[in-house]
Structures are given as structure tokens and as C-alpha cells.
Amino acid sequence: MGETNGHSQANGQHYVGTRQIRPDGADKVTGRARFGADYNLAGQLIGRVLRSPHPHARIVSIDTSKAEALPGVKAVITRQDFADQPSEFIPAGEMMMNYKDVVRNVMAREKALYEGHAVAAVAATSTAIARRALKLIDVKYEVLPHVIDVVEAMRPDAPLLHDDLFTVGVEPKPEKPSNIAKRVEIKQGDVAAGFKKADLIIEREFKTAPVHQGYIEPHAALATVSEDGSTELWTTTQGHFIVRAHCARLLGLDIGKVRVTATEIGGGFGGKTVVYLEPLAIALSKKAKRPVKMVMSREEVFKASGPTSGATVRVKMGATKDGKFVAAFAELKYQAGAFQGSPVQPGTMCAYAPYDIENVHVIGYDVVSNRPKVAAYRAPGAPISEYAVESVVDEIAKKLGLDPIELRMMNAAHEGTKAAYGPKFGPIGLEETLNSIKKTEHWNTPLRKWQGRGVASGFWFNIGGETSVSLTVNEDGTISLMAGTPDIGGLRASLASVAADELGVSYDKVRPIIGDTGSLGFNFLTGGSRSAFSGSMAIVEAAKQIKAELCARACKLWEAKPDQVEWKDGAVRPLGALAEKVKPMTIADFAKVSGKTGGPIGGVGRINAQGAGPSFGTHLVDLEVDPETGRTTILRYTVAQDAGRALHPAYVEGQFQGGAVQGIGWALNEEYVYGTDGKLQNAGFLDYRMPVASDVPMIDAILVEVGNPKHPYGVRGVGETPIVPPLGAIANAMENATGIRFTELPMSPPKVLKALKEKGLNKV
Amino acid sequence: MRYEAPDSLEGAVALLAAANGDARVLAGGTDLLVQMRADVLEPELIVDIKRIPETRAVTEEKGGWRIGAAVTGAELKEHPRLKKVWPGVVEAANLIGSTQVQGRATLGGNLCNGSPAADSVPALIAAGALATLAGPRGKRDLPVEDVMLGPRKLALQKGEMVASFLLPARPARSSDAYLRFIPRTEMDIAVVGAGVSLTLDGGGVITAARVSLGAVAARVLLVSEAAQAIIGSRLDKPAQDRLEAAARAVCRPIDDKRGTIEFRIDVAAVLARRTALIALDRARTN
Amino acid sequence: MAKHHIEATVNGDAVEFLCETEDTLLDVLRDTLQLTGSKEGCASGDCGACSVTLDGRLVCSCLVLGCEVAGRKIETIEGLAKGETLHPLQKQFLEHAALQCGICTPGFLVAGKALLEKTLDPTETEVRYWLAGNLCRCTGYDKIVSAVMDTAAAMRKG
């Protein structure tokens, strides 16, 4: 693909696939755009949260009387202000939420389960008073032994977090509770038989540390509750309809009475798909009878919002001497944090998805431990499992003397491959990404001593989901486009291009906004790389309605039959003999006479978008290791990824580049550091080391477009795949540079230097 | 919390001496404000010294340079001559934090924050800098290596503050350098810091040297054994080996989230050598 | 303790405000002067989202006290554009798609402008090190660096 979808303006111009200026751009470069903490309401109070200093403790009592008596304090809430929720899994959009866990994560009940767990909250007339009030709340804790590491937490004698957690997915059902919430499994063929056919078997164990999504904007919420119970909430979120559902449930409100506005959002990456402050702000506002604004500090973001799992992964692969993968096994153990729900299931499903392997068996364990509840982080679960697999694939290539790209090509999943997790792939672009990398100057540039090159591929399924958009034609022919998935990366530019092409209007005549929950039907959240995919699909539906309506109006105006008119290139056009009698009419023409021809013109797209196509990517990285200090410098980086069809190439490239750099941080420096006391030691940007501008080179982005036949424009989601290959690519490059296979992330300098020393290699 | 901004050293000293509770000097605020926000400090009095002329001036004195305690790293970098004479001191001050932090951070604050990982301190110690303190009993000079006694422990008495630093006159064929190890390329606190200042004779032999290591002990160290290891040499391989051994021997680091003991010792040796080589190279061309 | 009464200049306008000793300049800008363009990402000087210039010097406003700025000149993101005319850097950021979520953008623009006031011919490395105090989690910095370099080139041409 790559040309228009047959849609264009009357003058032949089209916007899809071009690099338009984003419609929210002027506000974003002038500081005008309003993010979560930029909202204020007259008379508002400031809310702050008291958090457990202990990683595991029974909450014996909470005495808030002194805090309540402090002048300026207008409300204090604790577990008593939230009704308990039964343990059952309830759909919230496409997620299954256990609200018993949600209510406890939002406000601790019987126990504090991690350092930073919310125990109480206050609303006061100033931040200073709120902070002082927190110090006056007297909480009596019975400190319990804690457990952080996933393997430790799986031991039968580990400190138990929940006495009602019995492992699901094992037979026979366990009689005793444990920290293992769930066992999942996918199977295809017969791995035992497969391993017997292998000439080479490699088995390795890998370990990764918890890492945070690292969005620069802390969580923020502003709530106001009226005397009749209607609630307005502004929050920085990836899914305001999901926020509405959670808050309504937790606070016993009618969904229709809660109106949530998604503010501009300063980064999410999956971490803003759940609620933390919102139910607290609403509960405080209800009690105080004034608006309440709450913003997390950076320390709270690290200690109390969900990072992704740390994990232990064992991979065993078998190949023939020609390089054909004949058997693949993996066992994944992922931390979920304080409540069940790590991304071990997608981790299991993605591990071997890039490869066409007859015999696959992957087992995964979801394990709780005394850490903040894990939240989604960009392709949740996949970077971890695919790091392990891509490392072993690299080792197979080396041991068999095969080129690592050739080895992957030989085994690459392609159209018709049945993935071990179930579906048969339609057209996919993995081979194209591998070929693109092979053709680059990067791949063919010689390296020097202590420099290494690594390649890795990756996969993410992408989703569709419930989506509602509205398209309205204004009296002057401009188009108001209302979408319901918060724009975290330039979505409005892509959607505006689609709407402009569909309706044949100029790009600058389309005004896209993200509507609040009162203005649109349900929208699942921005995640799963779905917002451009689903949003554009829904716009096509809405535009269809408008075009059909305008054709009908033309028939009335022209006294014509339906087969005498058609919509083409931005106008309703008369066909055949009729064309001699009347002229085509554009949107603007109809807008002028809308009142007289039937009323306001508009369309809605309300879909449950299906047909999301997976996006495959291949990354290539060169790095250099300083053998005397273990420090790694990334020299060069190239991403090739299949976008299906890039609605806006610059923002697609941006996804490739941003995900790659997050992967660089994850591979080399980022990790949660815990003391033996179970407390987080690096809860700030100084010691939680994310890449800065001088740490990385330019990230070359190659846009591959193998169209997704199930989308009107061929679009595939692209946002998540980019973070999947970097861990493996960088680990492979490290092996290439040092001869050492690093099986533990991050590959920080102390670890690298130690490994070099052990081999006597720590000299220039 | 009181805030005062006196315009004289005497005024500042009087405020500090009379304070009942915790009184803190404010220069760039890049440590003080962070600690206040983190509830580590709750001073009763903040004395902003930036209006005091002596703390803001860079002047030549006795062939050397007097640098006010509240001169920022960015200003040091922009000074037309200082970085030619003391490139190590200037580059050390400009490794603190980021461009934004360097726009505020000062040598005085960096020293008095009392962190053994402070970037500018090894360079100042290697330079043989003196800290001029102003206090209720007048002024006194202390070698910089004697100011920080341990983490957050200073040799200052009540009412005393650092007013300025004096860098000594420089013989010909002298120069200095500062290197630090951080895992990223910017922003991190030094895992190890090394400052070396040396002087060569006409034949390229080191006649004088000072070596200082940061973040490898409870205070920033002046390592005389490391200096002895290279004085009288041209920093050939045996001298480098002796330098590394001396650096290793003096380290008493901790294990923390930024580095292990083993790592710090290994890297201290490597950095001492690399820093000395840079200083040597600069001294040759001076 | 009575509040401090401070007079200063922000984006060329005379302002006066009251603040507590412990209020930072960032607190004052956002909460008192309602200039919410400067953002709080960390309150510890590690992310640069609060970048402003103080008497022409690039600083983190979270590391400056409100009561320190009496008589001084502050420039924030809100002062970058002149009326309806965007600064070349703002234009290039939009052309290059050098922003995704946009939360770090004000800080990068203020920092970028400060760099271009020092030199119109920075190397890529100089740009990266100058901007190392501005964290971005979305873009991977590539398009931001390109935008700054291209702005420098455009401004060199006059």
C-alpha cells in the first residue's frame, strides 16, 4: 500500500500518509495546553495521601481525630469511607477487574501491602496544611515479614500476602493459599518429541528487575461532587470511560451521574489505565462539599503507582544444525505486586510469536509480592519474555555459525503461520522488517574492538475494541470531530487526516477534540496500540453515514434517484444525464443549506473494532563497552517495523524512536532498587536512571507497510511493539562486544565490569 | 521559616550566629531546596548570600584566583581566563547536574552540602584550594580537604560560612583535570570522582602533583600516596600502575544503589590514571 | 510569619505576588501567577520540565525560591512566542513532530532557546549535552535534537 485509499480531495490531494501539523500543536508549544495539574476550580481544596512506610503490615487502627481538628482541614478519609467489594471479575471494557483488589489498592483495608500503599487521605485549604494534617494521623501497624523477589515469593514458606489467594490453573486445586495467583499455559505440538529432533539445545535462565513507565507527568485529579450526587472529574488518564466505571463502582454512583474529562496527558505508556487518586478525590470532595485537587509527587509516582513486573524466565530451544527451530519451551515467573494481575499471560503468548515453530510449550506464573501493584507498561509482558527468547535465538545463531538475520528469516512467522497462542496470522511484515535491516548501511558498517552489534525481533498483537466517535458538519462547512480515546502521542493529527480525506475537506477545516464521558458512547482506553486503528475505523463509519445522508439530500434537491448520484472525491456528484443539469455539491455546499434540507449534518461511529493486525519489528543496535569500567555507549540504532499503513509517518516514527529509547533504559540502567527492609531506594529521577538526550544517538526509523486487510486504510497499531526488541538486541550486542552473555537486566556497569573481570577481560 | 538576604558578610555571619534553630545558607539552592521538599530539612532561617559581593566575584589575587562561594558553575565556565588556568576545576563545577543546575550550583554549596560524591570538591582539593571562612571571630582559611569531615559533617563552627575559595598561583607547565564515573552521560551523582593537578619541569617530568578521590570514602580524600607515586616520573606505565595501586589502597567505599564496593575501587584506579593522563597532556601544552 | 511581598518581571510584565519562604518559583508561577506552562515533573531539579530563565540564565524554577526573585527578570514558555508569531524553535518542533504527549515541550523550548542564544552553530553532541537536563519519555529525543539543529541552521541564514 502507500497510496491513498481511493479517497482524496476534489483536487486530488490527500492527507493520510503526510506529515501535517498536529491540531493541538500551538497549545502544546506555548504552554497553553492544560494537563492534569493545570486545572483548578474556585474554592478547591488540596488533597494528599498518607502512605504506609512498611512493605507489609496489618493496619490495627487509624486515628484521624487530630488531623480532623487541624484548622483548614475539611475532610479526612480512610478505609471506612469505601464499601468493601466482593471478589469477582467484572468486565470494565475489555479488562477484567477484580474490584475487591481495586478498592484495596486505592485505599488499604486490612493490610498495607507495599511501602507507599494509601492508608488515609485529607483535603485541606492549602498544601502545607494538608501535609501537616497527614503527620497528625496516627496509624498503628503490626509489621509483618515481607517478600519482594518473585522466586522468593513462590516458596511455600514465604510471607503470605492474601490468605484467600489459591492458585488458579493447577490441578489438583491447592488446599493452602499462597502467593501464586495463577498458572497459565499455551501448548502446540509435542515439545518432548521436538527436542529429540534437535541437534542443538540451549537452555538459559534470565532475570529482569521491575521498571517504571517513567511518564514525566505525575498523576493528577480534580473532583467536584454536587449535593445531588452528580460528580465531575478531570483526570490525566489513558481511559476516562474506564475511570468512570471504576469510580462509579467503588463509590456506588450511577455511571450516568459521573462525568469524566480526560485532560491532556503527559505520558502514560499503560501506567495511567487504572485509578489511584480519582476515587480518593471524589470521596474527599463528597465529604468536604468542595472541589478537591490531588497531584502525586514524583516519589509517590514511583512508590505508589504500578511499575511493570520483575521476572525470572527460563527458555529452552532446540534447533537442527541447519537452523530450523524444532522445539521451544519457556517458563515465566512474573511479579504482580501486591495484587494479582501481572502481564504473564501476554508474556506467555508473545514469547515465540515471531517464529513458526511446530512444538511450543510456555508456562507462566502470576505471583504477588510486597510491591506496588503492577500496571501495564507498553506491550505488557512481551519485552521480558522476548528478551529471553531473542537472547537464546542469538546464541543458536552463534553456535550454528549462522547469520542472526538469516536464522530469523528461516524461522519467521508469515501469513498462514499458526501462532502457538492460537490464531493463524494473516499478512504480516516480519520478513520485510528483517530484510529492511539487512539492507541498511548500518548492518554493513564494520565495527572496532569492544564494539558489538545485536539484532532482535519482536511482536505485539494490538487490539481493537469499543470506540465511539462523532463527526459533525458545522454551518460553515468545518468539521467537528470528537473522539473518545485520550491523545497520548499525536492521535488527533492522524484522525483529522482521515476525516479530511473521507469527507474531502481541507485538513485545517477539521477540528478534533477528545470528548468527555458525557458526550460520547463508550470508548475503551488508549492502549493496546488501538487508538489510531480503531478511531480511524470509527471515523470511516461516521463518514459513511454523512455521505449517505448527503446523497439522500442531493436526491431530494435534484429530484433524482439514488443510482443517479454518488459520493466521490469530496462531493456528491450527479451521474449520467443528470450531470448536465446540476453541479456537484461539497460538504460546504450542503452545510450552507442544511437547515432547509433536513437539519444538522453528522454521523457517529460506534463500533467494537475488530481485525487488529499484529505489528512486527526488528531492531539493530551498535554499542561500545569500556572494558575498564563496564560502561556501555549506544553508538547507532535502527528500527524497522510494520505499520500496515502510516496515517501520519512522523508520529509513527516517533513511536518507534520512543519505544526504542525506553528499551535502552530498561536494558542498561533502569531498575527498582530495594533494601532488605523492603523499601524503595531510588524513588526519583536522580537514581531511577532513564536515558537523557546525551545517552542515545539518532534512532533511524524504517517504516514498513504490509497493509492490514481488515482495516479500511490498512492500519496496524504501532505504539507497543517498539519496546519489545530492544532488550534482546542490546543484550545480543553486548555479547558481540564482550563475548559474555548477560542474562540479568539491567546490564549496568557494576555487573558488566564484574563479568569482564571474571574473564580477565577488563583491559582496553 | 524566615528568609533573609544580607548584603555583607558581617550581616550574614550575625544572622547565622544568632539563629536559634536550624539556619541554612542559600546559594544556588540545588541541594537545599531538594532536601526541604523531601522533608529532610526544615530550617528556621534561610540566609541568601547572593547579594554579598565577596561571594559573587572572581578576581585575581597573589597570582592566583579568588572565587566567590556563590559563583555559579555556568559563570565559571564563561569566565574568559579561568578555564585556561584551572580547566579541571571549571569542568568539575560544570559536571554538577544539568545545564539548569549549573546555572545555579556553586562551589560553596557543593562543598557545604557535605556529600563525599560532590563533583567540584576533588578538583578543588587537587588544586590545593583554600576555603576562606567568615565567622563571628573573623576570617580564617582552611584547606578544602579539611572542610568536609564526613557525610553532612563540616568543620564550620556556629555562625561560620564559606565566603570564597583561593586557588593558588600556578607555575608554568601546570594543569589539572577532573573525571567522574557515572552510568549515564549526565545527571548522575558521581560513583567515583578523581581530580588531579600537576606541574612538569622542562623535561616533562612531574615535579609536583596532588590527587584527590571522591565518592570512595566518608569524605573526599587527598591521596598523598597517589601523588608520590607519580612525582618524579613522566607518568609512564610503571608510574601509572603505582598510581592505580595507591588509589585502590586508599578507598573505603560503601555499597549503595549507585555502585558496589568492588566497583568503586576498580573504577577509582582507572579514573585516577585517566585523569592524571589528561592533566599531563594539558600541562605539556600549557 | 508574614508572607514575602515580591516584585519581579515575568515575560516582560511587571508582577507582584505574596509567597511563603518555602514556596519555589515554580509554585509561584503555577499557583499564584497562574502561568501553568512550566510543569512539575519531579520537584528536585532532575527533569527540566520547570525550566525558565532567570536574568537570562537557564534554571529549574523548582530550585529557586519565590522570595529570591525580587527585582529579577523571569522568562517562561508563555513568553516565547511574540503575539501570534511563534518562535522559530516552536515552529520547528511542530514541523518535526518533536513532541508526542507534550509535557516536556515547554522545558525543552526554554532550554533550546537558551542554547541558541549562546550559539547558533551547536554540534549534535553539544545540543544533546545542553539538553541532558530535560527528560523526555515519549520521543527518544531524536526529533527534538533535529528540530533544534534545524532551527539553528534556519536562524544562521537569518
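Residues numbered from 1 in each chain as written. Chains lettered and ligands numbered in written order. Predicted model: local features only at pLDDT ≥ 70, side-chain atom pairs only at ≥ 80, totals over all residues. Heavy atoms only, no water.

Trainee: If you had to explain the overall build of chain C to someone new, which residues and values would you point to?
Mentor: Broken down by element type, chain C carries five helices and five strands. Taken from the N to the C terminus, the helices and strands of chain C come in the order β-β-α-β-β-β-α-α-α-α. By the burial criterion, 65% of the 158 residues in chain C qualify as buried. Of the contacts formed within chain C by residues at least 6 apart in sequence, a portion of 55% connects residues at least 24 apart. Of the accessible surface of chain C, which amounts to about 5,500 Å², a share of 47% is contributed by carbon and sulfur atoms. (Helix = DSSP H or I, 4+ residues; strand = E, 2+ residues; numbered from the N terminus. Buried < 20%, exposed > 50% of the residue type's maximum accessible area, 1.4 Å probe, protein only. Contact = heavy atoms within 4.5 Å. Areas by Shrake-Rupley, 256 points an atom, 1.4 Å probe, with all protein chains shown as cover.)

Trainee: Give a detailed account of the interface of chain B and chain C, specifying residues and quantitative values.
Mentor: Every contact between the two is made by 27 residues of chain B and, on the other side, 32 residues of chain C. Across the chain B/chain C interface, buried area totals approximately 2,300 Å², and carbon plus sulfur atoms make up 59% of it. For the chain B face of the interface with chain C, the top three residues by lost area are Tyr3, Arg37 and Gln100 of chain B, together amounting to 28%. On the surface where chain B and chain C come into contact, there are six salt bridges. Put simply, Glu40 of chain C and Arg37 of chain B hold a salt bridge, and the shortest N to O gap is 3.9 Å. (Buried area = accessible area lost by both parts, 1.4 Å probe. Salt bridge = Lys/Arg side-chain N within 4 Å of Asp/Glu carboxyl O.)

Trainee: Tell me what's going on with helix H1 (residues 9-18) of chain B, and back it up with residues and numbers.
Mentor: Every α-helical turn comprises 3.6 residues, leaving residues that sit three or four positions apart pointing alike. Residue and element names in this part refer to chain B. Of the positions making up H1, those classed as buried are Leu9, Ala12, Val13 and Leu16. Buried residues of H1 fall within an arc of 95° about the axis and therefore sit on the same side. In H1, those exposed residues whose orientation departs by more than 90 degrees from the buried face are Glu10 and Ala18. (Arc of directions from axis to C-beta.)

Trainee: Describe the pattern of salt bridges, naming the residues involved and giving the relevant values.
Mentor: Side chains bearing opposite charge may pair, as long as their charged atoms lie close to each other. All names here are of chain A. Under the criterion given, the structure shown has 81 salt bridges over all chains. Arg408 is paired through a salt bridge with Glu390; the nearest N and O atoms lie 2.8 Å apart. Note that Arg408 is positioned in helix H12 (residues 404-411) and Glu390 in helix H11 (residues 382-400), a separation of 18 residues in sequence. Judged by its relative accessible area of 0%, Arg408 is buried. Linking Glu441 and Arg636 is a salt bridge whose minimum nitrogen-to-oxygen distance equals 3.6 Å. Placement of Glu441 in the loop between helix H13 (430-438) and strand S18 (451-460) and of Arg636 in strand S27 (residues 631-642) is noted, with a sequence separation of 195 residues between them. With relative accessibility at 23%, the residue Arg636 sits in the partly exposed group.

Trainee: Residue-level account of the sheet that holds strand S21 (residues 510-514) of chain A, with values.
Mentor: Residue and element names in this part refer to chain A. Ordered in space as S21-S20-S19-S25, the four strands form an open sheet in which the pairing is mixed. Every other strand in the sheet has two partners, leaving S21 and strand S25 (601-609) as the edge strands with one partner each. Within this sheet the neighbouring strands show an average axis-to-axis angle of 15°, counted without direction. In this sheet, S21 lies alongside strand S20 (residues 479-483) in parallel orientation, the contact comprising five bridges. Note on S21: the bridge partner recorded for Ser480 is Arg511. Helix-sheet contacts for helix H14 (residues 491-503) involve strand S19 (465-473), S20 and S21, and the interaxial angle to S21 is about 135°. (Pairing = 2+ DSSP bridges. Axes fitted to C-alpha atoms, helices over the stretch in contact; angles between N-to-C directions.)

Trainee: Any details on the domain arrangement of chain B? Residues and values, ideally.
Mentor: Residue and element names in this part refer to chain B. Examined at the domain level, chain B breaks down into domain 1 (2-167) and domain 2 (174-284). Placing a centre on the C-alpha atoms of domain 1 and another on those of domain 2 gives a separation of 24 Å. Taken together, the 28 residues of domain 1 in the interface contact 24 residues of domain 2. When domain 1 packs against domain 2, close to 2,000 Å² is buried across both sides, 55% of that on carbon and sulfur atoms. The tally of links between domain 1 and domain 2 comes to three salt bridges. Asp119 is the salt-bridge partner of Arg180, the closest N and O atoms lying 2.9 Å from each other. For the pair domain 1 and domain 2, the number of links is 13 residue pairs in polar contact (both at pLDDT 80 or more). Secondary-structure elements contributing two or more residues to the side of domain 1 that touches domain 2 are helix H6 (87-93), helix H9 (120-127) and strand S8 (148-150). Among the elements that line the side of domain 1 that touches domain 2, the one with the most residues is H9, at six residues. (Domains from an automatic or database assignment. Polar contact = N/O pair within 3.5 Å; in protein donor to acceptor, adjacent residues only side chain to side chain.)

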